[in-house]
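Next come the chains, spelled out residue by residue.
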Amino acid sequence: MKRVLVQLERIETKWIQLLDKYAFDFLRISIGLIYTAFGLLKFFPQYSPAEQLAEDTICIITFDVLSGNAACIVLAIMETMIGVALIINFKARATILITIWHMCCTFLPLIILPKYAFNQDPFSLSIVGQYIFKNLIILSALMVLYKNLGSKVSKYAVHEVTEEEEG
């Protein structure tokens, strides 16, 4: 039994070393894959379960400048580009900030289109409401990725002024 435990500890140590090295990449790439897949679906009418929700939301927030299929195509392009940028780690800081902005926008239907998000009362989420609400996980993961970038980039670090520098 002791041998098994020792072996399990070795496996765990290797796993933790792997995660130390690649966890943020796994997280970034997995979000990129989700964005790419969901974005690509929106290029094909009736393939995305969020198509009507996306069209109606974009129509409202753009004051009918974008509506119908055009709204879905613009969203498809944006989501696919975000996904690919995340996967290839292109301009990571900007890409993550744009993705955070987009994720925040996904919560708008809870306010402007509650008929999609709720069944009867404000605490009874529909399947669409649950689809929206789960974006909290992606938003949180993006914040972790952004924070991780911030800890690696010294040019964005705040310089504290010492008393000697002040006087």
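Each remark here, short or long, concerns the structure printed above.
Residues numbered from 1 in each chain as written. Predicted model: local features only at pLDDT ≥ 70, side-chain atom pairs only at ≥ 80, totals over all residues. Heavy atoms only, no water.

### Description of the packing of helix α3 (residues 68-88) against helix α4 (residues 92-105)
The description of two packed helices rests on the angle between their axes and on the distance between the axes. As a reminder of what qualifies: To get an axis, a line is fitted to the C-alpha atoms, and for a helix only the part in contact is used. The angle between two axes follows their N-to-C directions and goes from 0 to 180 degrees. Secondary structure elements are taken from DSSP: a helix is a run of H or I of four residues or more, a strand is a run of E of two residues or more, and numbering for both begins at the N terminus. Throughout, the term roughly parallel applies to angles under 35 degrees, roughly antiparallel to angles over 145, roughly perpendicular to angles from 65 to 115, and oblique to all others. By definition, turning the near helix anticlockwise from the far helix through less than a right angle yields a left-handed crossing, and turning it clockwise yields a right-handed one. Note on definitions: a residue-residue contact is assigned when non-hydrogen atoms from the two residues lie within 4.5 Å. Residue type decides the class: Asp, Glu, Lys and Arg count as charged, Ala, Val, Leu, Ile, Met, Phe, Trp, Tyr, Cys and Pro as nonpolar, and the leftover types, Gly among them, as polar.
Remark: α3 packs on α4, axes separated minimally by 10 Å, with the N-to-C direction vectors making an angle of 140 degrees. Classed by the angle they form, the pair α3 and α4 counts as oblique. Between α3 and α4 lies a crossing whose hand is left-handed. Counted together, Leu75, Met78, Glu79, Ile82, Ala85 and Leu86 of α3 and Thr95, Ile96, Ile98, Thr99, Trp101 and His102 of α4 form the full contact between these two elements. Counted by class, the contact of α3 with α4 contains 8 nonpolar, 3 polar and 1 charged residues.

### Thoughts on the packing of aromatic side chains
So the rule is basically this: Working definition: rings of Phe, Tyr and Trp (its six-membered ring) pair if their centres are within 6.5 Å, and the pair is stacked with planes under 30 degrees apart, edge-to-face with planes over 60 apart, and tilted otherwise. The buried label applies to any residue whose accessible area, calculated with a 1.4 Å probe on protein chains only, is under 20% of its type's maximum; exposed applies above 50%, and partly exposed to all values in between. Working rule: Lys NZ or Arg CZ, within 6 Å of ring centre, within 35 degrees of ring normal, means a charge sits over the ring.
Summed over the entire model, instances satisfying the criterion amount to 3 aromatic pairs. When the ring of phenylalanine 44 is compared with that of tyrosine 47, the centres are 6.0 Å apart and the planes differ by 65 degrees; the resulting orientation is edge-to-face. For tyrosine 47, a relative accessible area of 58% gives the class exposed. A cation over a ring is seen here: lysine 134 above tyrosine 131, with NZ or CZ 4.7 Å from the ring centre.

### Some words on α3
Note the threshold: What a helix should span is 1.5 Å times the count of its residues minus one.
Helix length check: α3, at 21 residues, gives a terminal C-alpha distance of 31 Å against a target of 30 Å (1.5 Å per residue), a fit within 8%. Burial in α3 covers these residues: Ala71, Cys72, Leu75, Ala76, Glu79, Thr80, Ile82, Gly83, Ala85 and Leu86. Looking at the buried residues of α3, the elements they touch are α1 (2-41), α2 (51-61) and α4. A positive phi of about 60 degrees marks asparagine 89, the residue just after α3.

### What about α2?
Taken as a whole, α2 has its buried residues at Glu51, Leu53, Ala54, Glu55, Thr57, Ile58 and Cys59. Among the structural elements, α3, α5 (109-112), α6 (114-117) and α7 (127-133) are those in contact with the buried residues of α2. Just past α2, the residue phenylalanine 63 takes up positive phi, approximately 50 degrees.

### Quick look at the nonpolar core
One broad rule of soluble globular proteins: the nonpolar side chains tend to lie buried together. Here is the rule: Here, nonpolar core refers to any group of buried Ala, Val, Leu, Ile, Met, Phe, Trp, Tyr and Cys residues whose side-chain atoms link them within 4.5 Å.
Within the largest apolar cluster, 19 residues are counted, with the highest numbers of intra-cluster contacts made by Ile31, Ile96, Met103 and Leu142. At the level of elements, α1, α3, α4 and α8 (135-152) are the ones that each hand at least two residues to this core. With 6 residues, α8 is the single largest residue contributor to this core.

### Regarding a nonpolar patch on the surface
So the rule is basically this: To count toward a patch, a residue needs a relative accessible area above 30% and no salt bridge. Like charges then connect within 9 Å, nonpolar side chains (Val, Leu, Ile, Met, Phe, Trp, Tyr) within 5 Å. Only the protein chains shown count as cover for residues, with accessible areas throughout obtained via the Shrake-Rupley method and a probe of 1.4 Å. A carboxyl oxygen of Asp or Glu within 4 Å of a side-chain nitrogen of Lys or Arg is what we treat as a salt bridge.
Together, Ile34, Phe38, Leu40, Leu41, Phe43, Phe44, Tyr47, Ile77 and Met81 line one region of the surface with nonpolar side chains, adding up to about 830 Å² of accessible area. Residue assignment for the nonpolar patch shows that the elements contributing at least two residues are α1 and α3. For the nonpolar patch, the element with the highest residue contribution is α1, accounting for 4 residues. Position of phenylalanine 44 relative to the elements: it lies in the loop between α1 and α2. Judged by its relative accessible area of 48%, phenylalanine 44 falls in the partly exposed class.

Geometric descriptors of this kind do not, in isolation, establish any biological role.
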